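Read off the chains here:
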Amino acid sequence: MKLISPSLLSADFGNLQRDIEMLNASDCDWFHVDVMDGIFVPNISFGQPVIKYIKKHARKPLDVHLMIMDPGRYINDFKEAGADIITVHYEACTHLDRTLHAIKDAGLQCGVVLNPGTAVSLLEDTIQLCDVALLMSVNPGFGGQKFIENTYNKCRQLRSLCDRKNPHCLIEIDGGVNTGNAPLLFEAGADVLVAGNAVFKSDNPAETIKQLKR
Ligand code: DX5
Ligand code: ZN
């Protein structure tokens, strides 16, 4: 599968509705929504009130990436705010299995995110629960960082883990994705590419989304 999930972290928050309408009209598939708590990652982004507003206008699923400690505390809040997919970090969950079940029990799609320094093999016991598995291709916290090349390697490892244990699980890549590395990531087995700066800092975001998909 080849899906694109533009990250609203790079959108113009003074013109958020305009940017959402642009994405509605584009070929993108999901809206990637980055929630940061200033503890799990150094940065603070936004929370449920902003997501509620995004949901009001967005006509595609909200792919909510929680970069917060103990995300299990907030599953119902993010569901109410409008999340369709919730991904949580392996590194931020003491009881990952419980948190994934809580997301599923809430009727949402769930996924695990791995930081660049976390091994793919650690998904061995949770991959069967996942609708999505996300590999960070930068250290999370900020948009506009440089893509980490080892991601191709990890992506191939994750592909073979999914083939073996959960062929329905989508592989998502997040951080530093652009029109140069997108084809290589799809070739390495990725299904969903997140792109923030590549889309929103482009002169023609809708066209860039098309190019990313090719
Ligand atoms: C990083 C976020 C990413 C980020 C991607 O912590 O999780 O989703 O917004 O932005 P780019 O594509 O600019 O690296
Ligand atoms: Zn993200």
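Here the structure is shown first, and the text comes after it.
Remember, predicted model here, so these are calculated numbers, not experimental data.

### Focus: the side chain of Asp 19
Mapped onto the fold, Asp 19 is located in helix α1 (residues 16–25). Since its relative accessible area comes to 7%, Asp 19 is described here as buried. Contacts of Asp 19, omitting those with residues within four sequence positions, involve Ala 11, Asp 12 and Phe 200.

### Things to note about the site of ligand 1
Around ligand 1, the surrounding shell holds 20 residues, and the nearest of these are Asp 34, Gly 141, Gly 144, Asp 174 and Gly 196. Within the side chain of His 32, a nitrogen or oxygen atom sits 3.3 Å from an oxygen atom of ligand 1. A distance of 2.8 Å separates an oxygen atom of ligand 1 from a polar atom in the backbone of Gly 196. In terms of residue count, the dominant contributor to the shell around ligand 1 is strand β2 (residues 31–36) (three residues). In terms of residue class, the shell around ligand 1 is built from eight nonpolar, 10 polar and two charged.

### Description of the coordination of the zinc ion (ligand 2)
In this structure, His 32 (NE2), Asp 34 (OD), His 65 (ND1) and Asp 174 (OD) serve as the protein donors to the zinc ion (ligand 2), at separations of 2.0 to 2.2 Å. Relative to the metal, the six donor atoms surrounding the zinc ion (ligand 2) lie at angles of 70 to 172 degrees, and the coordination shape comes out octahedral.

### Thoughts on unusual backbone geometry
Its identity as a non-glycine residue notwithstanding, Asp 70 has a phi of 45 degrees, on the positive side. Among the residues examined, Asp 70 registers a relative accessible area of 35% and is labelled partly exposed.

### Details of the environment of Gly 72
Relative to the helices and strands, Gly 72 resides in the loop between β3 (62–67) and α3 (75–81). Along the primary structure Gly 72 and His 101 are separated by 29 residues, whereas in three dimensions their C-alpha atoms are 9.8 Å apart.

### Remarks on the pairing of β2
Of all the six residues making up β2, six are buried; the element is thus mostly covered by neighbouring parts of the structure. Residues of β2 alternate between two faces, with Phe 31, Val 33 and Val 35 on one and His 32, Asp 34 and Met 36 on the opposite face, all of them buried. Sheet topology note: the β2/β3 ladder contains six bridges and is parallel. Bridge pairing in β3 places His 32 opposite Asp 63. Between β2 and its parallel partner β3, the chain crosses via helix α2 (residues 48–57), and the hand of that crossover is right-handed.

### Some remarks on the sheet that holds β3
Taking strand neighbours across the sheet as the criterion, the eight strands line up as β1-β8-β7-β6-β5-β4-β3-β2 in an open arrangement whose pairing is parallel. Strand pairing shows two members of the sheet lacking a second neighbour, β1 (3–6) and β2, which therefore form its edges. The sheet shows a mean angle of 25 degrees between the axes of neighbouring strands, taken without regard to direction. Judged from the four bridges that link them, β3 and strand β4 (residues 85–89) form a sheet pairing that is parallel. Directly across from Val 64, in β4, lies its bridge partner Ile 86. Packed on one face of the sheet, helix α4 (residues 96–105) meets β4 and β5 (109–114) and runs near 145 degrees to β5.

### Structural notes on the packing of aromatic side chains
The geometry of an aromatic ring pair is captured by two quantities: the separation of the ring centres and the angle between the planes. Counting across every chain of the model gives three aromatic pairs. Between Tyr 74 and Phe 78, the aromatic rings sit 6.4 Å apart at their centres with planes inclined by 70 degrees, giving edge-to-face as the arrangement. Its relative accessible area of 31% is what places Tyr 74 among the partly exposed residues. Ring geometry for Phe 147 against Tyr 152: centres 5.3 Å apart, planes inclined by 50 degrees, an arrangement best described as tilted.

What counts, and where the lines are drawn
Residues numbered from 1 in each chain as written. Chains lettered and ligands numbered in written order. Predicted model: local features only at pLDDT ≥ 70, side-chain atom pairs only at ≥ 80, totals over all residues. Heavy atoms only, no water. Helix = DSSP H or I, 4+ residues; strand = E, 2+ residues; numbered from the N terminus. Buried < 20%, exposed > 50% of the residue type's maximum accessible area, 1.4 Å probe, protein only. Contact = heavy atoms within 4.5 Å. Near = heavy atom within 4 Å. Polar contact = N/O pair within 3.5 Å; in protein donor to acceptor, adjacent residues only side chain to side chain. Nonpolar A, V, L, I, M, F, W, Y, C, P; charged D, E, K, R; others polar. Donors = N, O, S within 2.8 Å, 3.2 Å for Na, K, Ca; no water. Tetrahedral: all angles 85-135°; square planar, octahedral: opposite > 155°, others 65-115°. Pairing = 2+ DSSP bridges. Right-handed = clockwise from strand over helix to strand, strands pointing away. Axes fitted to C-alpha atoms, helices over the stretch in contact; angles between N-to-C directions. Phe/Tyr/Trp six-rings, centres within 6.5 Å; stacked < 30°, edge-to-face > 60°.

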